[in-house]
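# Chains, contacts and geometry: an overview
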Amino acid sequence: SILSLLVWPACCNSLTTCVLFALMALKCQRSDEPRVPTLELPEGATLEFITDVEGNWQYFCALVDRSPVLSWSADDHSSLCLADGAYLVFGGDAPDKGPADLRITRALVLLQRQHPSRVFLLVGNR
C-alpha cells in the first residue's frame, strides 16, 4: 500500500477547503509539478494513525495500551516502543493546553528520533 503524507495548510479549516487541497495534490501527482511525498510500505507492514490527544495523558496512555504498534518500554510509561515492521503517523494536536502537553510531545519526539523512517509527526491537522 502507498501512504501519502500531506501536511495540510493552516487555511484548511473546512471540508471544502480540504477537498480542494487534496484535489490540487492529486493534480500535482499526475503532472510534471512537484509531487506530494509518498512512502511505499513493505509487505506485511502495519500502519497506525493517531491524532488529537490534546495534552490528555490518560487518553494517550489508553491509545498506546490498545495499539498494535506502540507499547511502553518501562512500567512508568517513560518511553515508547515501536513494533518491528510498524509505522506510526501522528496527525497533530498533541498539545492543546492540557496538563501533559510536554510529556506527550516529548514521548512522540523521542520515538521519532529512534525511528525516523517509520514515525511521522505532523504539526497540526487544520
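To start, this report covers the structure provided alongside it. (Residues numbered from 1 in each chain as written. Predicted model: local features only at pLDDT ≥ 70, side-chain atom pairs only at ≥ 80, totals over all residues. Heavy atoms only, no water.)

### Brief notes about the overall build of the chain
Scanning the chain from terminus to terminus reveals three helices and seven strands. For the chain, the succession of helices and strands along the chain, N to C, is β-α-β-β-α-β-β-β-α-β. Taken across its 126 residues, the chain has 35% of its residues classed as buried. Once local pairs closer than 6 in sequence are excluded, the contacts in the chain between residues at least 24 apart make up 62%. (Helix = DSSP H or I, 4+ residues; strand = E, 2+ residues; numbered from the N terminus. Buried < 20%, exposed > 50% of the residue type's maximum accessible area, 1.4 Å probe, protein only. Contact = heavy atoms within 4.5 Å.)

### Observations regarding the sheet that holds strand β6 (residues 86-90)
The sheet built from three strands is open, its strands ordered β3-β6-β7 with parallel pairing. Of all strands in the sheet, those bounded by a partner on one side alone are β3 (46-50) and β7 (119-121). Neighbouring strand axes in the sheet, compared pairwise and without regard to direction, differ in orientation by 10° on average. Here β3 runs beside β6; their pairing, made up of five bridges, is parallel. In the sheet register, Thr46 faces β6, and the bridge partner there is Ala86. Contacting β6 and β7, helix α3 (residues 101-114) runs over the sheet at an angle of about 135° to β7. (Pairing = 2+ DSSP bridges. Axes fitted to C-alpha atoms, helices over the stretch in contact; angles between N-to-C directions.)

### A short note on unusual backbone geometry
For Glu54, which is not glycine, the phi torsion reads 50° and is therefore positive. Examined against the element boundaries, Glu54 turns out to sit in the loop between β3 and α2 (57-66). Looking at Glu54, the relative accessible area reads 31%, which means it is partly exposed.

### Side note on the side chain of Asp101
Secondary-structure assignment places Asp101 in helix α3. A polar atom in the side chain of Asp101 sits 3.1 Å from the backbone nitrogen of Asp96. (Polar contact = N/O pair within 3.5 Å; in protein donor to acceptor, adjacent residues only side chain to side chain.)

### A closer look at α2
Taken as a whole, α2 has its buried residues at Trp57, Phe60, Cys61, Leu63 and Val64. Seen end-on, α2 carries its buried residues on one side only, within an arc spanning 160°. Exposed residues on α2 whose side chains face more than 90 degrees from its buried face are Gln58, Asp65 and Arg66. In the core, the buried residues of α2 are packed alongside β3, β4 (70-72), β5 (80-82) and α3. Two or three places before Gln58, at the opening of α2, Asn56 has a side-chain oxygen 3.2 Å from that residue's backbone nitrogen. (Arc of directions from axis to C-beta.)

### Some thoughts on the packing of aromatic side chains
Describing an aromatic ring pair means giving the distance of the ring centres and the angle of the ring planes. Applying the stated rule across the entire model yields three aromatic pairs. Arranged with centres 5.7 Å apart and planes meeting at 45°, the rings of Trp57 and Phe60 form a pair that is tilted. One end of the pair is Trp57 and the other is Phe60, both in helix α2 and three residues apart, which spans about a single turn. Here the guanidinium or amino end of Arg103 rests over the ring plane of Trp57, the centre of that ring lying 3.9 Å away. (Phe/Tyr/Trp six-rings, centres within 6.5 Å; stacked < 30°, edge-to-face > 60°. Lys NZ or Arg CZ within 6 Å of the ring centre and 35° of its normal.)

### Structural notes on α3
Over its 14 residues, α3 extends 20 Å from the first C-alpha to the last, a length consistent with the 20 Å expected when each residue adds 1.5 Å. Among the residues making up α3, those that are buried are Asp101, Ile104, Ala107, Leu108 and Leu111. Across the axial projection of α3, the buried residues extend over an arc of 150°, all falling on one side. In this structure, α3 carries Leu102, Arg106 and Arg113 as exposed residues pointing more than 90 degrees from its buried face. Residues of α3 that are buried sit in contact with α2, β4, β5, β6 and β7. (Expected span 1.5 Å × (residues − 1).)

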